[in-house]
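# Structural description and commentary
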Amino acid sequence: MQEIERKFLIAGDFRPFVFKSVHIVQAYLSSHPERTVRVRIEDDKGFITIKGIANDSGTSRYEWEKEISAKEARELLKICEPGVIEKIRHLVKSEPYIYEVDEFRGKNEGLIVAEIELPNENAVFAKPEWLGTEVTGDKRYYNSMLRSVV
């Protein structure tokens with residue numbers, strides 16, 4: 001599957017538009033730039049995700065994800081590379097899409113980033129007033145670069 005997304009910093013108050021929030025803890029079995037293997041727990045569900053290298057603009061890359069039990073995910077977290085990411089993901093509708101607004105915890109406290117998944121790289125989408133600077137393709141904002149090493 002191809003993942004196509006754009007990423008933005010937040011410049012205003014998105015909270016009145018949130019319709020759901022989940023707690024996320026994630027780490028990486030492999031953070032190689034050409035392929036990452038991520039383990040994630042979202043509330044009480046586990047996931048394993050493999051992502052390929054991004055295209056030149058950073059908007060598109062291969063992604064495969066499978067739901068696993070939270071117990072399996074907790075076991076896999078024990079053998080992940082050092083560093084974890086903890087965040088609250090807020091979902092905000094922007095018809096016909098949904099922004100995923102990640103509010104980071106730990107060493108990244110205060111960082112809030114919004115992502116929107118699109119059907120193609122040229123898709124037109126609304127940019128709410130609370131959306132700030134676009135950081136799509138900026139590696140500093142890749143989750144694998146934001147890990148808190150404990």
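Report on the accompanying structure.

Rules used in this analysis
- Residues numbered from 1 in each chain as written.
- Predicted model: local features only at pLDDT ≥ 70, side-chain atom pairs only at ≥ 80, totals over all residues.
- Heavy atoms only, no water.
- Helix = DSSP H or I, 4+ residues; strand = E, 2+ residues; numbered from the N terminus.
- Rg over C-alpha atoms; globule rule 2.2 N^0.38 Å.
- Buried < 20%, exposed > 50% of the residue type's maximum accessible area, 1.4 Å probe, protein only.
- Lys, Arg positive; Asp, Glu negative; His and termini not counted.
- Charge placed at Lys NZ, Arg CZ, Asp CG, Glu CD.
- Salt bridge = Lys/Arg side-chain N within 4 Å of Asp/Glu carboxyl O.
- Phe/Tyr/Trp six-rings, centres within 6.5 Å; stacked < 30°, edge-to-face > 60°.
- Lys NZ or Arg CZ within 6 Å of the ring centre and 35° of its normal.
- Pairing = 2+ DSSP bridges.

## Let's talk about the overall build of the protein chain
Within the protein chain, the regular secondary structure consists of one helix and nine strands. The globule rule puts the C-alpha radius of gyration for 150 residues at 15 Å, and the 15 Å found for the protein chain is close to it. Seen through its C-alpha atoms, the protein chain measures out along the principal axes to roughly 40 × 30 × 25 Å. Buried residues in the protein chain amount to 47% of all 150 residues. Here the protein chain contributes 23 positive and 26 negative side-chain charges, whose respective centroids are spaced 3 Å apart.

## Quick notes on the pattern of salt bridges
Overall, the coordinates contain 16 salt bridges when judged by the stated rule. A salt bridge links Glu 65 to Arg 38; the nearest nitrogen and oxygen atoms lie 3.3 Å apart. Within this pair, whereas Glu 65 is found in strand β5 (residues 60-68), its partner Arg 38 is found in strand β3 (residues 35-42), the two being separated by 27 residues in sequence. Given a relative accessible area of 7%, Arg 38 falls into the buried group. Each of Glu 3, Lys 51, Arg 61 and Glu 63 takes part in a single network of salt bridges with overlapping partners.

## Observations concerning the packing of aromatic side chains
On inspection of all chains with the given rule, the structure shows three aromatic pairs. For the pair Phe 8 and Phe 125, a centre-to-centre distance of 6.1 Å together with 65 degrees between the ring planes defines the contact as edge-to-face. Taken together, the residues span a long stretch of sequence, with Phe 8 in strand β1 (residues 2-10) and Phe 125 in the loop between β8 (112-117) and β9 (131-134) at a distance of 117 residues. According to the relative accessible area criterion, Phe 8 is buried, its value standing at 2%. Within the aromatic cluster, the residues linked to one another by ring pairs are Phe 14, Tyr 99 and Trp 130. Between Arg 61 and the ring centre of Tyr 142, over which it is positioned, the NZ or CZ distance is 5.7 Å. The ring centre of Phe 19 lies 4.9 Å from the NZ or CZ of Lys 93, which sits over that ring.

## A few points about the pairing of β5
Direction of pairing for β1 relative to β5: antiparallel, over a ladder of three bridges. Looking at β5, one finds that Glu 3 is bridged to Arg 61. In this sheet, β5 lies alongside strand β4 (residues 45-52) in antiparallel orientation, the contact comprising six bridges. Residue pairing across strands places Phe 47 opposite Glu 67, the latter belonging to β5.

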